[in-house]
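Overview (structure and organization)
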Amino acid sequence: MPAEYCQQGLRILYPENWQLAELDSDDEALIDLSLESPEGWLMLIQASPLESSPPAESLLDEMASGLEAQYDDVEFSDCTRKLGNLSTDGREALFYCLDSLVQARLLVLDTSSHRVAALYQVDSRQIEKMEPVFEAILTGMLMSTAGAVVR
C-alpha cells in the first residue's frame with residue numbers, strides 16, 4: 001500500500017518505506033517536500049499555485065544553480081522524460097558526490113492548479129532501477145490532478 005501526501009490540492013503517492021519531509025518555507029502557498037528512499041536516493045518536489053509561479057525555464061535554472069552551488073563540475077544536458085502518456089522536457093545533470101557518479105533529472109510539470117518543480121537524483125549505477133519509481137511518483141501526481149499539462 002503506498003503512502004500518500006495530500007495538501008492544497010496536490011496528491012502524491014509514494015512507497016510506504018520512503019521518508020517524506022515537509023521543508024520549511026516562508027510562503028504558505030508553497031509546497032516544499034523531500035522524499036528519500038531507504039537507500040538514500042532523493043527526490044525534491046516544490047509546488048506553487050500556477051497563477052503565481054515563475055516560468056518553467058526559470059525554475060529549471062534555479063534547480064541547476066542549486067546543484068552547481070552544492071557540487072563541483074556539474075554537467076548538464078537537455079532531456080525528455082515520458083510520464084504516462086505525456087512527455088516533458090527538462091535537464092539531466094551528472095556530478096560526483098564522494099566516490100559516486102550521480103545522475104539527476106530536473107523537470108517542471110504543470111497541473112491544473114500547480115506548477116511543480118521536481119528534482120531526483122540517484123547513483124548512476126542505480127538509475128535503471130530507481131528512475132521508474134521516481135517517474136511513477138510524478139505520473140501518479142499528474143494522473144490524480146485533472147487537467148495535467150507537462151512542459
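All residue numbers refer to positions counted from 1 along the written sequence of the respective chain. With pLDDT at 70 or above as the cut-off, local features in this predicted model cover only qualifying residues; side-chain atom pairs require 80 or more to be listed or tallied, and sums for whole chains, interfaces and linings still use all residues. Remark: hydrogens and water are excluded; side-chain values derive from all non-hydrogen atoms of the structure.

1. A look at the environment of Leu20
For the record, the criterion: Only DSSP runs of H or I covering at least 4 residues are called helices, and only runs of E covering at least 2 are called strands; the numbering of each starts at the N terminus. By the convention used here, residues are in contact when the closest approach between their heavy atoms is within 4.5 Å.
Here Leu20 lies in strand β3 (residues 19-22). For the pair Leu20 and Val74, spaced 54 residues apart in sequence, the C-alpha to C-alpha distance is 26 Å. For Leu20, the contacting residues outside a window of four places in its chain are Tyr5, Tyr14, Leu33, Ser34 and Leu35.

2. Quick notes on the nonpolar core
What counts here: Nonpolar cores are built from buried Ala, Val, Leu, Ile, Met, Phe, Trp, Tyr and Cys residues. Side-chain atoms within 4.5 Å join them into one set. Under the scheme applied here, a residue whose accessible area is under 20% of the maximum for its type counts as buried, over 50% as exposed, and between as partly exposed, the area being computed with a 1.4 Å probe on protein chains only.
Judged by nonpolar contacts, the single largest core of 26 residues is most densely connected at Ile12, Tyr14, Met43, Leu109 and Leu138. Where this core is concerned, the elements lending two or more residues are β1 (3-7), β2 (10-14), β4 (31-36), β5 (42-49), β8 (100-110), β9 (114-123) and α2 (127-143). For this core, the leading source of residues is α2, giving 7 residues. In this structure, Ile12 is in contact with Ala3, Glu4, Tyr5, Leu33, Ile45, Ile137 and Met141, ignoring residues within four places of it in sequence. Of all hydrophobic cores here, the second largest spans 16 residues; its members include Leu59, Met63, Ala93 and Leu106.

3. Some remarks on the packing of aromatic side chains
Convention followed: Whether two aromatic rings pair depends on their centres lying within 6.5 Å, for rings of Phe, Tyr and Trp, where Trp uses its six-membered ring; planes under 30 degrees apart make the pair stacked, over 60 edge-to-face, and the rest tilted.
In this structure the tally under the stated criterion is 3 aromatic pairs. Ring centres of Trp18 and Phe134 lie 5.6 Å apart, and the angle between their planes is 70 degrees; on these two criteria the pair is classed as edge-to-face. Within this pair, whereas Trp18 is found in the loop between β2 and β3, its partner Phe134 is found in helix α2, the two being separated by 116 residues in sequence. Judged by centre distance (4.7 Å) and plane angle (20 degrees), the rings of Tyr120 and Phe134 are stacked. Taken together, the residues Tyr120 in strand β9 and Phe134 in helix α2 connect sequence positions 14 residues apart. Comparing Tyr120 with Phe134, the two get one shared label, buried. Taken together, Trp18, Tyr120 and Phe134 form an aromatic cluster joined through their ring pairs.

4. Things to note about the pairing of β2
Our working definition: When DSSP finds two or more bridges between a pair of strands, those strands are recorded as paired.
Because side chains alternate across β2, one face comprises the buried residues Leu10, Ile12 and Tyr14, and the other comprises Arg11 and Leu13, none of which is buried. The sheet contact formed by β1 and β2 spans 5 bridges and is antiparallel. Of the residues in β2, the one forming a bridge with Glu4 is Leu13. A loop of 2 residues connects β1 with β2, the two strands running antiparallel in sequence, and Gln8 in this loop sits at a positive phi of about 50 degrees.

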